[in-house]
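Observations on chain architecture
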Amino acid sequence: MTSEPFAAVSPADARVLVGSFVGHSLLHLKHKFFEYEELFAGRQSWTEIFEGGDYLIFRLTPDKYHYNHTPVAGRVLDVYTVDGDYHSCNPGAAMIVATPYSKNRRVVTIIDTDVPGGTRVGLVAMIEVVALMIGEIVQCYSAKEYDQPQDVVPGMFLDRGCPKSLFRPGSSTTVLVFEPGR
């Protein structure tokens with residue numbers, strides 16, 4: 001955790017890949033390209049807002065702690081589940097499946113950080129992607145430790161660093177996408 005009020009923090013204990021959509025709309029993983037619009041399941045309003053933004057990919061391996069934490073503080077504008085399969089998110093296996101991130105089940109949360117008490121880094125998309133052997137993504141936000149978990153819903157304020165969700169079991173991936181220039 002950081003004491004810097006306007007910084008995003010890692011949502012998970014994970015391996016990290018950093019990139020940018022500047023000049024293209026493709027996510028590059030291990031010499032393969034993935035259409036980032038598919039991450040948002042065709043919700044054009046979100047794909048337009050994040051076009052040209054930066055991204056971070058967090059891959060949680062089976063031996064890691066499988067809670068996601070809120071990377072920023074802000075108000076939830078949208079949260080929705082996209083149905084899909086349970087392909088591996090292992091970078092080696094990702095080469096075999098044409099578009100695993102477009103086909104995997106996922107939860108998309110859009111957070112507005114430009115609100116009172118927010119991190120002030122613009123809109124942030126947090127996309128939690130299931131992988132092979134993951135049965136579910138449990139939304140269980142807790143403002144204090146792991147007490148009184150609750151579903152994440154539009155309008156809710158999320159504090160940075162708090163538990164947000166739990167992957168059960170196995171490995172999984174979280175993708176953060178930031179607005180361009182923020």
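Up top is the structure.
Described in the following lines is the structure provided in the data block. (Residues numbered from 1 in each chain as written. Predicted model: local features only at pLDDT ≥ 70, side-chain atom pairs only at ≥ 80, totals over all residues. Heavy atoms only, no water.)

This part covers the overall build of the chain. The secondary structure content of the chain amounts to three helices and 12 strands. Within the chain, the proportion of its 182 residues that are buried is 50%. Contacts in the chain between residues at least 24 apart in sequence constitute 76% of all its contacts with a sequence separation of at least 6. Of the roughly 8,400 Å² of accessible surface on the chain, 53% is carried by carbon and sulfur atoms. (Helix = DSSP H or I, 4+ residues; strand = E, 2+ residues; numbered from the N terminus. Buried < 20%, exposed > 50% of the residue type's maximum accessible area, 1.4 Å probe, protein only. Contact = heavy atoms within 4.5 Å. Areas by Shrake-Rupley, 256 points an atom, 1.4 Å probe, with all protein chains shown as cover.)

Using the criterion set out here, one finds two aromatic pairs in the structure. On the basis of an interplanar angle of 10 degrees and a centroid distance of 5.6 Å, the ring pair of Phe40 and Phe50 is categorised as stacked. Here Phe40, found in the loop between β3 (32–35) and α1 (44–50), pairs with Phe50, found in helix α1; they are 10 residues apart in sequence, far enough to count as distant. Residues Phe40 and Phe50 agree in their burial class; the two are buried. Centre to centre, the rings of Tyr67 and Tyr146 are 4.9 Å apart; their planes meet at 55 degrees, and the pair counts as tilted. Of this pair, Tyr67 sits in strand β5 (residues 67–69) while Tyr146 sits in the loop between β9 (136–139) and β10 (157–158), and the two are 79 residues apart along the sequence. (Phe/Tyr/Trp six-rings, centres within 6.5 Å; stacked < 30°, edge-to-face > 60°.)

If you look at the biggest cluster of nonpolar residues, it comprises 21 residues, and the most contacted ones within it are Val76, Val124, Tyr141, Val152, Met156, Leu158 and Leu176. Ranked by residue count, the leading element in this core is strand β8 (residues 123–130), at three residues. Here Val124 is in contact with Phe50, Val72, Thr109, Ile110, Ile111, Thr113, Leu176, Val177 and Phe178, once residues within four sequence places are set aside. Membership of the second largest hydrophobic core comes to 17 residues, among which are Trp46, Ile57, Ile127 and Val177. (Core = buried A, V, L, I, M, F, W, Y, C linked by side-chain atoms within 4.5 Å.)

Looking now at the sheet that holds strand β1 (residues 15–20). The seven strands lie next to each other as β1-β4-β12-β8-β7-β6-β10, forming an open sheet whose pairing is antiparallel. One side of each edge strand has no neighbouring strand; the edge strands of this open sheet are β1 and β10. Across seven bridges, the pairing between strand β6 (residues 74–82) and strand β7 (residues 106–112) is antiparallel. Residue pairing for β7: Val82 is matched across the bridge by Arg106. (Pairing = 2+ DSSP bridges.)

Turning to the environment of Gly117, a few remarks are in order. Along the chain, the position of Gly117 falls in the loop between β7 and β8. Sequence separation of Gly117 and Phe157 is 40 residues, and the distance between their C-alpha atoms is 9.1 Å. Setting aside chain neighbours within four positions, we find Gly117 in contact with Ala73 and Phe157.

Where burial is concerned, the two faces of β9 differ: the one with Ile137 and Gln139 is buried and the one with Glu136 and Val138 is not. Sheet topology places β9 next to strand β11 (residues 163–168); four bridges connect them, and they run antiparallel. Considered in β11, the bridge of Gln139 is made with Ser165.

Right, let's get into the pairing of β6. Here β6 pairs with β10 via two bridges, running antiparallel. Across the sheet, the residue bridging to Arg75 is Phe157, located in β10.

Turning our eyes to something else, we now look at the pattern of salt bridges. Two side chains carrying opposite charge are able to pair once their charged atoms lie near each other. Tallied over the full model, the rule gives three salt bridges. Where Arg43 meets Asp78, a salt bridge forms, and the shortest distance between an N and an O atom there is 3.0 Å. One end of the pair, Arg43, is in the loop between β3 and α1; the other, Asp78, is in strand β6, with 35 residues separating them in the sequence. What makes Arg43 partly exposed here is its relative accessible area of 35%. What makes Asp78 buried here is its relative accessible area of 14%. A salt bridge links Arg182 to Asp114, with the shortest nitrogen-to-oxygen separation between them at 2.9 Å. Taken together, the residues Arg182 in the segment after β12 (172–178) and Asp114 in the loop between β7 and β8 connect sequence positions 68 residues apart. Looking at Arg182, the relative accessible area reads 45%, which means it is partly exposed. Classification of Asp114 as partly exposed rests on a relative accessible area of 32%. (Salt bridge = Lys/Arg side-chain N within 4 Å of Asp/Glu carboxyl O.)

Purely spatial values, then, with no claim about function.
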